[in-house]
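Observations on chain architecture
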Amino acid sequence: MKQLSQLTAKDLSPWIQQAQIQAAKGLVPDRIPQLAVADPRYFAVHICCTTGESIGYQDTACVFPLMSVIKPFLLLYLLEKLGAEKVLQWVGVEPSTAPFNSLEQLIADGGRPRNPMINSGAITLADKLPGKDANQRTQQFCQWLNQLASCQLTLDESMLACVRLSRSPTNLAIAHHLHSSGYLENIESAIDTYEQICCLSGQVADLALLGKLLAAENHLLKPQNCQLVNGVMFTCGLYQASAEFAIRIGLPMKSGVGGGLLAVIPRVGAIACYSPPLDSVGNPLGAIAFIEALSGSLQLSVFSP
Ligand code: GLN
């Protein structure tokens, strides 16, 4: 059996072909008009190993907004800057069986965000980012990530303009509820910051480099923070489908409505995919199929004997 670091483009090709058949069964989301125009046939993958090898395949030049894939890194940043004790006062680490933008779940939980991988948790954490306003917070966070991971995320201004114009009424309602339950200070700047960090964009290579931060020892990050983020991704990263994929794939993963998907293989590396069509939960169908095939063939699951 090959190791992740030994894979060639020829090895990846059949898995990608299969994944693209699955992707064709999904739908490109239409809530944000600029996301809706993404070509559903795009498929890109980048694998980064902790030993230094890396390989990209297919439409790797595509730049896409991270959307919810930024959430684990928002959590990581705040854990590093403010410490776990503080961060865990604001958000829980309980999986949710409701959709990622469920207001009902938040209300049922008395206004406390269940975890930072869903919108209520991420909007709450966006409110706590250091910086005088949303622009400065986003800039500082983006710089920190780029420096640490040697990646090149940028803020996609035209995507942000589109996100603002089509602002999600559900996210706004979530922010109002968080405010009334005392978890959020400033509704407008929290939503503004949340929308901006969702529009941080890059290629699959950038996303894989970010994932590598969580896979390898890094003297700039506390290992217990990486462990916490990986644990939350594992149990909550794919929303209500997290438990199913924890068993089927066995890796910490995070999806975004922009078509991005990140899988972390602790101590080994990270796999980033881009494929715009989503399933009914909001996870990129083809990207998940690809990771499942790869993880199965190479026995990447953290539970592999
Ligand atoms: N900005 C998106 C939203 O809040 C991000 C959600 C996601 O990627 N699942 O609707």
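The structure this text deals with has already been given above.
The model shown is predicted, which means the values in this text are computed figures rather than measured ones.

1. Remarks on the overall build of the protein
Looking only at helices and strands, one finds 14 helices and 8 strands in the protein. Radius of gyration (C-alpha) of the protein: 18 Å, near the 19 Å computed for a compact globule of 305 residues. Side-chain charges in the protein split into 20 positive and 23 negative, and the spacing between the mean points of these groups amounts to 3 Å.

2. A closer look at helix H3 (residues 71-82)
Taking 1.5 Å per residue, 12 residues should reach 16 Å; H3 reaches 16 Å between its end C-alpha atoms and fits that length. Judged by how many residues are buried, H3 sits mostly within the fold: 10 of 12 residues are covered. Along H3, the residues classified as buried are Lys71, Pro72, Phe73, Leu74, Leu75, Leu76, Tyr77, Leu78, Leu79 and Glu80. Looking one or two places after H3, you find Gly83, whose phi comes out positive at around 90°.

3. Thoughts on the sheet that holds strand S5 (residues 200-202)
A sheet is described by the order of its strands in space; here 3 strands give the open sequence S3-S5-S4, paired in antiparallel fashion. If you trace the sheet from one side to the other, it starts and ends with strand S3 (64-65) and strand S4 (154-155), each paired once. Where S4 and S5 come together, 2 bridges link them in antiparallel fashion. Its bridge partner being in S5, Thr154 is matched across the sheet by Ser201.

4. Re the packing of helix H6 (residues 119-128) against helix H10 (residues 187-198)
Where H6 meets H10, the closest approach of the two axes is 8 Å, and the angle between their N-to-C directions is 110°. As far as their axial angle goes, H10 and H6 are roughly perpendicular. Residue-level contacts link Asn119, Ala122, Ile123, Ala126 and Asp127 of H6 to Ala190, Ile191, Thr193 and Tyr194 of H10.

5. Notes on the pairing of strand S8 (residues 269-274)
Counting buried residues along S8, 6 of its 6 residues qualify, which places the element largely inside the surrounding structure. Taking every second residue as pointing to the same face, both faces of S8 are buried, with Gly269, Ile271 and Cys273 on one and Ala270, Ala272 and Tyr274 on the other. For strand S7 (residues 260-265) and S8, the ladder comprises 6 bridges, and the chain directions are antiparallel. Across the sheet, Val264 pairs through a bridge with Ala270, a residue of S8. With antiparallel pairing between neighbouring strands as the criterion, S7 and S8 make up a hairpin whose turn holds 3 residues, including Arg267 at a positive phi of roughly 70°.

6. Regarding the pairing of strand S1 (residues 44-49)
Burial runs high along S1: 6 of the 6 residues are buried. Neither face of S1 is left uncovered, since the one carrying Ala44, His46 and Cys48 and the one carrying Val45, Ile47 and Cys49 both have all their residues buried. Looking at chain direction, S1 and strand S2 (residues 54-58) are connected through 5 bridges and run antiparallel. Residue pairing across strands places His46 opposite Gly56, the latter belonging to S2. With antiparallel pairing between neighbouring strands as the criterion, S1 and S2 make up a hairpin whose turn holds 4 residues, including Gly52 at a positive phi of roughly 110°. Here S1 runs beside S8; their pairing, made up of 6 bridges, is antiparallel. Residue pairing across strands places His46 opposite Ala272, the latter belonging to S8.

Conventions adopted
Residues numbered from 1 in each chain as written. Predicted model: local features only at pLDDT ≥ 70, side-chain atom pairs only at ≥ 80, totals over all residues. Heavy atoms only, no water. Helix = DSSP H or I, 4+ residues; strand = E, 2+ residues; numbered from the N terminus. Rg over C-alpha atoms; globule rule 2.2 N^0.38 Å. Lys, Arg positive; Asp, Glu negative; His and termini not counted. Charge placed at Lys NZ, Arg CZ, Asp CG, Glu CD. Expected span 1.5 Å × (residues − 1). Buried < 20%, exposed > 50% of the residue type's maximum accessible area, 1.4 Å probe, protein only. Pairing = 2+ DSSP bridges. Axes fitted to C-alpha atoms, helices over the stretch in contact; angles between N-to-C directions. Parallel < 35°, antiparallel > 145°, perpendicular 65-115°, else oblique. Contact = heavy atoms within 4.5 Å.

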